[in-house]
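Close look at the chain arrangement
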Amino acid sequence: MKRCLFFLFAALSLTAAESGAPVGKFQQLDSSIPTPSAQRNASGAPGAAYWQNRADYDISVELDDVKRSISGEATVTYHNTSPDALSYLWVQLDQNYLSHNADSRSVPNAKRGVDLEKISYNALDRLLAYEDYDGEMKISKLTDAKGTALPHAIVKTMLRLDLNEPLKAGADFVFKIAWSYPINDCERINARTGYEFFKEDGNCIYTIAQWFPRMAAYTDYAGWINKQFLGTGEFTLEFGDYTVRLTVPDDHIVAATGALQNADAVLSQAQRDRMKKAESEMKKPMFIVTPEEAKAAEKGKPKGNKTWEFKAANVRDFAFATSRKFVWDAMAVEGAMVNGKPVMAMSLYPKEGMPLWDKYSTHAIAHTIQTYSRFTFDYPYPVAWSVNGEVGGMEYPMICFNGPRPEKDGTYPEKTKYSLIGVVIHEVGHNYFPMIVNSDERQWTWMDEGLNSFIEYLTEEEWESDWKHKRDGRSLVGYMRSTDRVPVMTNSESIADLGPNAYSQPSAALNILRENILGREAFDHAFKIYAKRWMFKRPTPSDFFRTMEEASGVDLDWFWRGWFYSVDHVDVSIDEVKWLQLDTRDPAIENPKKKKEKDELPQTLTKERNYPLPKRVDRFPELKDFYDSFDESKVLPSEKKKFETLIKGLKEEEIDPKLLQTKRNLYVIEFSNVGGLITPVILKVEYTDGTSEELNIPAEIWRFNTEKASKLHFTKKEIKSVIFDPRQELVDTDVENNFWPRRPVKSKFQLYKDDKPTNPMREITKPEKDDAKKTKKSEPKK
Ligand SMILES: [Zn+2]
């Protein structure tokens with residue numbers, strides 16, 4: 001600690017922050033975000049002229065359990081509510097992502113797919129599986145409402161439907177389309193859809209998605225969103241009403257987006273009675289299909305087919321699951337009603353999912369709906385399903401597929417339990433983002449995954465206060481330190497480390513925004529406004545940024561710039577703490593102080609070695625009077641007079657001379673911003689008397705100089721130490737320089753080893769099979 005004296009009247013000049021011209025990090029976002037429009041206004045809300053197109057679907061589909069294939073026929077009614085005439089429509093054929101000539105196959109990603117230099121047996125097996133399997137969606141019919149064939153072109157995962165005459169603004173267009181494709185074996189060909197085959201009993205669980213031609217979105221901000229599906233950027237879709245008739249073997253149990261319309265035709269009387277009872281059960285799920293019934297079914301054979309009919313209003317997609325292996329449990333969600341009926345939380349799982357799924361899945365669904373609704377809006381759909389299958393974690397409206405299962409012997413490590421609850425919360429949570437707050441997934445993964453992971457963690461904390469396997473900002477440090485990151489504001493398909501980039505980083509940033517910048521009240525208010533404004537609409541990043549600022553009353557442009565547009569990271573160093581004490585100018589106080597300081601100086605070697613030699617005055621006592629022994633602490637009359645004149649002058653200027661006796665220590669704490677990311681400065685100051693306090697300095701401390709800043713701290717106490725980010729919640733990448741005085745901490749090398757950036761990208765990353773065994777039970781892919 002450097003100790004200096006300062007004179008009261010000169011103090012201000014010492015404390016002023018170093019000045020400099022404002023730099024980019026605090027520049028307003030205006031140049032980086034779109035100009036507000038009639039569709040999206042300047043406060044981040046849908047504008048007066050907001051529009052979005054719609055697509056209603058009426059589909060009949062059959063699943064062939066022998067050939068393991070899908071064939072379907074749909075009537076699509078497309079509503080052009082845009083102000084533009086459309087001369088062609090784009091339709092998504094995402095299933096073509098698994099076709100032989102898919103782009104996704106010719107651009108293997110060395111970073112997360114096959115290691116191109118070392119091919120493992122499992123990778124080889126996957127390549128062989130791809131050789132055998134061509135998942136292309138074959139279109140057998142495409143006509144207008146009258147049955148006249150429509151000209152079209154298939155461009156990989158997109159289909160362009162050419163219209164004979166442009167579809168006018170405000171007009172509808174009806175077309176019919178029929179298709180088929182073979183379903184992929186999920187274990188060998190990993191996708192967000194497929195079947196899982198159980199060799200022990202010869203049955204399959206089908207978790208089916210992206211299974212029908214879906215309308216691409218036409219938007220006010222980018223026209224048609226027809227960027228090819230390469231496997232990462234998910235789905236940009238329109239809302240609509242669905243009627244879907246699913247024909248499956250008559251011993252199957254089906255879950256799907258929407259409400260079942262014909263329970264009488266597909267469920268037994270006993271099952272219908274149990275369902276009725278479950279509607280008033282809010283504490284514990286009830287079996288609709290019991291484990292015994294499911295076990296009996298998996299030994300039997302179907303006698304024919306049954307058609308299950310579902311209707312769903314205002315959804316942006318439709319997925320389903322079907323199998324004869326399913327156990328089914330259901331419970332009403334307390335406090336959640338839609339059209340006067342309780343929202344039903346329901347789970348489907350094979351006996352292999354027990355005991356685990358029967359304990360936690362449905363409870364986790366209910367907990368998710370209750371917690372998310374508090375942070376956003378009431379759950380607007382009649383049901384929420386969680387289905388166990390090989391797709392480790394994937395979300396659709398009202399239904400999601402989740403992976404974790406117990407070991408074969410029925411035991412499971414604690415980690416598997418948390419993994420299941422966590423993945424159910426995450427995937428059910430996706431109903432809010434992006435199934436209802438319909439952000440553009442193919443452009444911006446963070447808008448659904450980041451926001452959803454953020455609320456997921458809050459929900460997990462509310463499941464139990466000591467939620468194990470926390471994924472807080474600390475686990476992000478290794479990634480934030482890496483030098484080959486890309487900004488969060490990067491298109492989904494171009495982000496190699498999607499997990500940390502689009503899930504953990506935005507979620508950690510929002511947590512900092514909530515806890516350390518806005519505070520919970522302001523943040524929660526603004527976040528809820530955003531969710532409500534964009535419910536059943538399509539927000540873009542700027543709508544989120546603008547709403548959060550407008551509704552919280554805080555300019556956050558610097559925050560979005562740092563966390564979303566840059567690759568800076570948080571690393572603040574406490575460089576120095578200067579100790580300033582008041583110069584009282586009173587010689588009676590200052591002189592003894594000066595002497596004491598001098599006496600306390602360490603002895604030099606020269607002095608120490610000379611010391612045995614007696615002083616001259618001691619050697620010649622008779623000369624004692626001749627020498628003037630001078631006491632440095634004594635006050636001379638001239639010094640006293642000078643001080644009295646000073647006091648008199650102060651009084652004349654009406655300054656209270658008592659100010660000179662103020663007993664305060666003034667410290668100047670100096671920081672440098674090594675990582676470059678603008679951050680609040682949270683300090684723990686420890687005093688010599690054993691007490692401590694926490695100081696929260698807003699990020700604006702960096703506004704004049706983004707590299708250096710200093711803070712004046714005024715206290716009666718004496719500082720012993722200062723710690724930056726004492727709770728380690730700001731994702732600071734180098735703890736070593738967070739302490740003044742420096743303390744020994746785990747070396748950077750050790751930290752690197754521990755914090756290897758992992759890829760929690762769970763939707764598509766398929767671990768190697770050996771890992772899969774471990775991972776499947778513990779780390780769901782979502
Ligand atoms: Zn997700």
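Residues numbered from 1 in each chain as written. Predicted model: local features only at pLDDT ≥ 70, side-chain atom pairs only at ≥ 80, totals over all residues. Heavy atoms only, no water.

Further remarks concern the overall build of the chain. In terms of regular secondary structure, the chain is built from 21 helices and 31 strands. Burial statistics for the chain: of 782 residues in total, 54% are counted as buried. Across the chain, contacts joining residues at least 24 apart in sequence account for 77% of those joining residues at least 6 apart. When the accessible area of the chain is evaluated, it comes to approximately 35,200 Å², of which 52% is carbon and sulfur surface. (Helix = DSSP H or I, 4+ residues; strand = E, 2+ residues; numbered from the N terminus. Buried < 20%, exposed > 50% of the residue type's maximum accessible area, 1.4 Å probe, protein only. Contact = heavy atoms within 4.5 Å. Areas by Shrake-Rupley, 256 points an atom, 1.4 Å probe, with all protein chains shown as cover.)

Before going further, it helps to spend a moment on the side chain of Gln271. Its place among the elements puts Gln271 in helix α5 (residues 269-278). Residue class for Gln271 comes out buried when judged on its relative accessible area of 13%. Those residues in contact with Gln271 that sit more than four places away from it in its chain are Ile253, Val266, Ile288 and Val289.

Looking at the metal site, the zinc ion is ligated by His426 (NE2), His430 (NE2), Glu449 (OE) and Glu449 (OE), spaced 2.0 to 2.6 Å from it. Taken together, the 4 donor atoms coordinating the zinc ion and their angles of 54 to 153 degrees define a geometry best described as irregular. Between consecutive donor residues of the zinc ion, the sequence gaps follow H-x3-H-x18-E. When its relative accessible area of 0% is taken as the criterion, His426 is described as buried. (Donors = N, O, S within 2.8 Å, 3.2 Å for Na, K, Ca; no water. Tetrahedral: all angles 85-135°; square planar, octahedral: opposite > 155°, others 65-115°.)

Among the nonpolar cores identified, the biggest contains 198 residues, and Leu89, Phe175, Trp211, Trp328, Trp446, Phe544 and Phe671 are the most heavily contacted of them. Sorting elements by how many residues they give to this core places helix α12 (residues 498-518) first, with 9 residues. Ignoring any residue separated from it by four or fewer positions in sequence, one finds Trp211 in contact with Ile59, Val61, Ile70, Met137, Trp179, Tyr181, Val244, Phe318, Ala319 and Phe320. (Core = buried A, V, L, I, M, F, W, Y, C linked by side-chain atoms within 4.5 Å.)

Moving on: helix α19 (residues 637-652). The end-to-end C-alpha distance of α19 is 23 Å, a good match for the 22 Å that 16 residues give at a rise of 1.5 Å each. Each element contacted by the buried residues of α19 is listed here: α16 (587-599). Glu654 occupies a position one or two residues after α19 and carries a positive phi of about 60 degrees. (Expected span 1.5 Å × (residues − 1).)

Once that is clear, we can look at the side chain of Arg442. Tracing the sequence through the fold places Arg442 in the loop between α9 (431-436) and α10 (445-463). A polar atom in the side chain of Arg442 sits 3.2 Å from the side chain of Asp94. Contact partners of Arg442, with chain neighbours within four places excluded, come to Gln92, Asp94, Met158, Lys227, Gln228, Phe229, Gly233, Glu234, Phe235, Thr236, Asn491 and Ser492. (Polar contact = N/O pair within 3.5 Å; in protein donor to acceptor, adjacent residues only side chain to side chain.)

The next point concerns the packing of aromatic side chains. Considering all chains together, one arrives at 48 aromatic pairs under this definition. Look at Tyr97 and Phe229: their rings are 4.8 Å apart centre to centre, the planes differ by 50 degrees, and that puts the pair in the tilted class. On the criterion of sequence distance, the pair formed by Tyr97 in the loop between β4 (86-92) and α2 (103-106) and Phe229 in the loop between β13 (223-224) and β14 (240-249) is long-range, its members being 132 residues apart. Like Tyr97, the residue Phe229 is buried in the burial classification. Aromatic side chains Trp179 and Trp211 sit 6.3 Å apart centroid to centroid with 45 degrees between the ring planes, which places their arrangement in the tilted category. Pair noted here: Trp179 is in strand β8 (residues 172-182) and Trp211 is in the loop between β10 (203-208) and β11 (214-215), with a separation of 32 residues, a long-range link. (Phe/Tyr/Trp six-rings, centres within 6.5 Å; stacked < 30°, edge-to-face > 60°.)

We now examine the sheet that holds strand β6 (residues 152-155). Taken in spatial order, the 4 strands of this open sheet run β6-β7-β4-β11, and their pairing is antiparallel. Of all strands in the sheet, those bounded by a partner on one side alone are β6 and β11. (Pairing = 2+ DSSP bridges.)

Right, let's get into the pattern of salt bridges. Using the criterion set out here, one finds 46 salt bridges in the structure. Here Lys341 ties to Glu279 by a salt bridge, and the two come within 3.9 Å at their closest N and O atoms. Placement of Lys341 in strand β21 (residues 341-349) and of Glu279 in the loop between α5 and β17 (286-289) is noted, with a sequence separation of 62 residues between them. Take Glu279: its relative accessible area is 18%, and that puts it in the buried class. Connected through shared salt-bridge partners, Asp201, Glu298, Lys325, Lys351 and Glu352 make up one network. (Salt bridge = Lys/Arg side-chain N within 4 Å of Asp/Glu carboxyl O.)

A surface patch of nonpolar side chains, about 450 Å² in accessible area, is lined by Tyr121, Leu124, Leu127 and Leu128. Mapped onto the elements of the fold, Leu127 is located in helix α3 (residues 121-132). Judged by its relative accessible area of 42%, Leu127 falls in the partly exposed class. (Patch = residues over 30% accessible without salt bridge, like charges linked within 9 Å, V, L, I, M, F, W, Y side chains within 5 Å.)

Cis rather than trans, the peptide bond between Met354 and Pro355 has omega equal to -5 degrees. On the secondary structure map, Pro355 appears in the loop between β21 and α7 (357-375). Omega for the bond connecting Phe433 with Pro434 falls within 30 degrees of zero, at 15 degrees, which places this linkage in the cis form. Looking at the element boundaries, Pro434 is found in helix α9. Positive phi, normally seen in glycine, also occurs at Lys156, with a value near 55 degrees.

The next point concerns α12. When the local axis directions of α12 are compared, the greatest deviation, roughly 35 degrees, occurs at Ser504, which is followed within four positions by the proline Pro506. Burial runs high along α12: 18 of the 21 residues are buried. At the C-terminal side of α12, Gly519 shows a positive phi close to 85 degrees. (Bend = angle between axes of the 7 residues up to and from the residue.)

A few words on the sheet that holds strand β15 (residues 253-256). Taken in spatial order, the 4 strands make up an open sheet running β9-β10-β19-β15, and their pairing is antiparallel. The open sheet is flanked by β9 (194-198) and β15, the only strands paired with a single partner. Looking at each pair of strands side by side, their axes are set apart by 10 degrees on average, direction ignored. In this sheet, strand β19 (residues 320-323) lies alongside β10 in antiparallel orientation, the contact comprising 3 bridges. Directly across from Thr207, in β19, lies its bridge partner Ala321. (Axes fitted to C-alpha atoms, helices over the stretch in contact; angles between N-to-C directions.)

This prediction gives the chain a mean pLDDT of 89; 90% of its residues lie at or above 70. When the criterion is pLDDT under 50, residues 2-23 qualifies, and its contacts beyond four places in sequence or with other chains add up to 33 contacts. pLDDT under 50 marks residues 754-782. Its contacts with residues more than four places away, or in other chains, come to 96 contacts. (pLDDT = per-residue confidence, 0-100.)

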